[in-house]
Amino acid sequence: MEHYNVYFELSSVFFLILMILLLRTKRQLNIFKNRLFSKGLRLMLCLNVVDIAGSILINSVNRTEKSTIPVAVLYAITILGFVLQQVVMLVFLLYAIVVFVPYARKRIGFVFIMGLAVLYSLLLLSSPVTHEVFWFDERLRYTYGRLYIVTGIMPAICGLYGLWIVSRGRNRVSKKVLHSIYLSLAVSGFVGVLQFFFFRDQLVLYFCFTLLLVAVFFSVQSPDYYLDQNTNAFNNDGLMVMMKDRIDRKTKFSVLLMSIYDFEGIKGGFSPQNKRKVYQRLCAGLIRRPKKERKKMKMDVFRDDDKFYVMFHNTEEAERYAMKIGTWVTEGIYVDEASPKVKIVATMLLFDVPGRVQTEEEFHSVIKYFMTDDYYKKYNVMQTINEEFYRKKKRYDDVRHLVEEAVRTGEIEMYYQPIYSTSQGDFHSAEALVRLRDTNSIGFVSPEEFIPIAEKEHLILQLEELILRKTFQFIQRARLRNYGVQYVELNLSGNQCTQVNLAEQLKELLREYNIPASFINFEVTETSAIENSDNLIRSMIELQSYGSTFALDDYGSGASNLKYLVDYPFQIVKLDKSIVWAHFGETNPKTRAVLPYSVRMLSEMKVRIVAEGVETAQQKEELVRLGVHYLQGYYFSKPLPEKEYLEFLKANNPIYS
Ligand code: C2E
Ligand code: CA
Ligand code: CA
């Protein structure tokens, strides 16, 4: 006759209630995994309570000679205990599957175990009649039936299956989490066996299982893990998990991205302190909405630094709500009653999943594109993924792919555009211009398009090294000097100009290819010069001491600032096509004056002048008359591949005639 000890189960009840209460105080991501875990905790609590009640009843029956408790009650509570135990195990097995097994995988094992559980329940339910599993004798004593062993086998099967799931998906969680789960499972298993065979009166098993749940609660299931501490919104990890959950379960949703650039109307502007205050208000406004509103439109808010994502779970109404939110933040929100409204300056993008965006990868690439492409930096305008957006993004991805391939295989081509010397009548210099070979169908891509993309995608340094090596290799192999070439002009990007060790790198490469520094003239645009003043000037001076020269490129395009001409040691200035063409096309005398006076001023400064974009004989004559030293343009030649360039030199440089 056994007397059941319920103290372990009582403490298990305590832990379960504690976890349930803790979960209630925190905001939780509304995903299947979390719902399962919460349900599981509640069911586990019921199971413990039923088991305690059953044990107390049986204890009391055992104590008295003649019990007044109806036998039906004893059967009901015992069967309920066993069945609940199966339900709890199934819920947590499903939980383990969701956490550890990729969604796509089939769950045949789970279906099989569910079948077994049904059979087991039928066996239990028929036990009052068949006495196969257990029964109560005439003195209402709990008695084991012939098949009593199944009450040990079923939990064992579930436990082993759970272990198998965890071990299959072990790399989906951290080592620490994995070890605590293994340990708890091992302890539960060990205790289970001990209890079943030796100490049936000690109800320790559920206590062990609750400890396992505590371990899970503080690791994979920790509600803090997905919360942004500052704002009470969910964080970026939360967004990823939520997104994966919705995409896996093929549930439609819409996302509004607000990427915040600035605040207006608040002292201190876009400072960290203000960010904290404003973002807290912003999230409070989005999260703490009236109950009626929350019922109508379920939404979740996520924060990743200055980016906010609002996920709408009702896609039909999403646009209306997004517009409302957009208007609210841009018209201004009150951070505190006393001060005026703070206006938020943001770029906003609204899109549906699944729509054009189907997968997590697409989600990331859309966001990344939206954040990088300057074209879309329109503030406080609601952008949607329309035909145009998608076309541009596709083009961007294609070009990026082209650059990636070029960098990977090293297959770029350098073209050379001969530059005419007006004083010597020859082509003793040329500009090297990069070309990418387009093996797929996206058509010709101008360096003006792919160089900025290479920059945004952090491929520029590799691309530039290739450009330098290809050019130097050609200069050395073809012995360009023998064709009457005195120097080659190479474009430096803004990125290169920022490099602290630019001069060393270039010197190193020149040495490697055995090319005198004086054979290279580096072209720098005003925009790249603006950002890198000190470093760049230092590199320029150093390279010049070895004999290289520098040219200020695209002079006259955009807002020319004479400051660069004066402050930087340029020996050459290249007049941009636009001011050359303006001189010939415009009838406005003011515009016509720009070119002659620029040439005069630059001549006074003792810099050599190159005019770009020379396309006609008339332009050539006029530019010669004005005293421009060098001419570059289609009138003389387009940029040419290596072989054709050499042929051009043979035909046009006096050395050969
Ligand atoms: P850029 O440095 O101003 O190069 C001159 C551009 O004008 C070249 O375009 C050239 O093909 C074009 N051009 C030359 N003569 C004429 C003409 O008579 N009429 C017209 N309409 N165009 C003419 P490309 O090769 O497409 O290069 C565009 C820009 O891409 C370059 O402008 C330069 O900023 C950049 N780029 C080209 N190659 C490189 C490179 O190797 N490295 C870097 N960092 N940038 C490069
Ligand atoms: Ca150039
Ligand atoms: Ca230029």
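All of the points below concern the structure found in this document.

What counts and what doesn't
- Residues numbered from 1 in each chain as written.
- Chains lettered and ligands numbered in written order.
- Predicted model: local features only at pLDDT ≥ 70, side-chain atom pairs only at ≥ 80, totals over all residues.
- Heavy atoms only, no water.
- Axes fitted to C-alpha atoms, helices over the stretch in contact; angles between N-to-C directions.
- Helix = DSSP H or I, 4+ residues; strand = E, 2+ residues; numbered from the N terminus.
- Parallel < 35°, antiparallel > 145°, perpendicular 65-115°, else oblique.
- Left-handed = near helix turned anticlockwise from the far one by under 90°.
- Contact = heavy atoms within 4.5 Å.
- Nonpolar A, V, L, I, M, F, W, Y, C, P; charged D, E, K, R; others polar.
- Near = heavy atom within 4 Å.
- Polar contact = N/O pair within 3.5 Å; in protein donor to acceptor, adjacent residues only side chain to side chain.
- Areas by Shrake-Rupley, 256 points an atom, 1.4 Å probe, with all protein chains shown as cover.
- Donors = N, O, S within 2.8 Å, 3.2 Å for Na, K, Ca; no water.
- Buried < 20%, exposed > 50% of the residue type's maximum accessible area, 1.4 Å probe, protein only.
- Pairing = 2+ DSSP bridges.
- Salt bridge = Lys/Arg side-chain N within 4 Å of Asp/Glu carboxyl O.

This brings us to the packing of helix α1 (residues 7-25) against helix α7 (residues 205-218). A pair of packed helices is captured by two measures, namely the crossing angle of their axes and the spacing between those axes. The N-to-C vectors of α1 and α7 enclose an angle of 25 degrees; their axes lie 8 Å apart at closest approach. Taken together, α1 and α7 sit at an angle that is classed as roughly parallel. Between α1 and α7 the crossing geometry is left-handed. Facing α1, whose interface residues are F8, E9, S11, S12, F15, L16, M19, L22 and L23, α7 presents Y206, F207, T210, L211, L213, V214 and F217. Here the residues of the contact of α1 with α7 sort into 12 nonpolar, 3 polar and 1 charged.

Moving on to the site of ligand 1. Around ligand 1, 24 residues are found, and the nearest of them are Q417, R435, K577, E615 and Y634. At 3.0 Å, a side-chain N or O of Q417 approaches a nitrogen atom of ligand 1. The protein chains hide 88% of the 790 Å² of surface that ligand 1 would expose on its own. If you list the elements that add at least two residues to the shell around ligand 1, you get β9 (429-436), α14 (447-456), β12 (549-555) and α21 (577-585). In terms of residue count, β9 provides more of the shell around ligand 1 than any other element does, 4 residues in total. Considering only residue class, the shell around ligand 1 consists of 10 nonpolar, 6 polar and 8 charged.

In this section: the coordination of the calcium ion (ligand 2). Around the calcium ion (ligand 2), the protein contributes the donor atoms E431 (OE), N491 (OD1), E523 (OE) and D553 (OD), which lie 2.0 to 2.3 Å from the metal centre. One chain supplies every donor for the calcium ion (ligand 2), spaced along it as E-x59-N-x31-E-x29-D. Between the calcium ion (ligand 2) and the calcium ion (ligand 3), a separation of 3.9 Å is found, and both are coordinated by D553. Of the two residues, E431 sits in strand β9 while D553 sits in strand β12, which places them 122 residues apart along the sequence. The residues E431 and D553 share a single accessibility class, namely buried.

This next bit is on the sheet that holds strand β4 (residues 299-304). The sheet built from 5 strands is open, its strands ordered β4-β5-β3-β6-β7 with mixed pairing. Every other strand in the sheet has two partners, leaving β4 and β7 (382-384) as the edge strands with one partner each. Between one strand and the next, the sheet's axes are offset by a mean angle of 20 degrees, whatever the strand orientation. With 3 bridges connecting them, strand β6 (residues 343-353) and β7 associate as parallel partners. Each bridged residue has a counterpart across the sheet, and for L349 the counterpart in β7 is Q383. Each of β3 (253-264), β4, β5 (307-312), β6 and β7 is contacted by helix α11 (residues 315-331), which is oriented at about 170 degrees to β6, the strand it contacts most.

Our next topic: the pattern of salt bridges. Pairing between side chains of opposite charge can happen when the charged atoms of each approach one another. In this structure the tally under the stated criterion is 30 salt bridges. D228 serves as the salt-bridge partner of R303, at 3.2 Å between the closest nitrogen and oxygen. Of this pair, R303 sits in strand β4 while D228 sits in the loop between α7 and α8 (236-248), and the two are 75 residues apart along the sequence. A salt bridge links R356 to E387, with the nearest nitrogen and oxygen atoms 2.8 Å apart. One end of the pair, R356, is in the loop between β6 and α12 (360-372); the other, E387, is in helix α13 (residues 387-409), with 31 residues separating them in the sequence. In this structure E387 comes out as exposed when scored by relative accessible area, which is 54%. A single salt-bridge network, built from bridges that share partners, covers E431, E489, E523, K574 and E612.

All right, on to the coordination of the calcium ion (ligand 3) then. Within the protein, the calcium ion (ligand 3) binds to D553 (OD), D554 (OD), E612 (OE) and E612 (OE); these donor distances fall in the range 2.2 to 2.6 Å. When the donors of the calcium ion (ligand 3) are listed by position in the chain, the intervening gaps give D-D-x57-E. Looking at D553, the relative accessible area reads 6%, which means it is buried. Residue classification places E612 among the buried residues on the basis of a relative accessible area of 8%.

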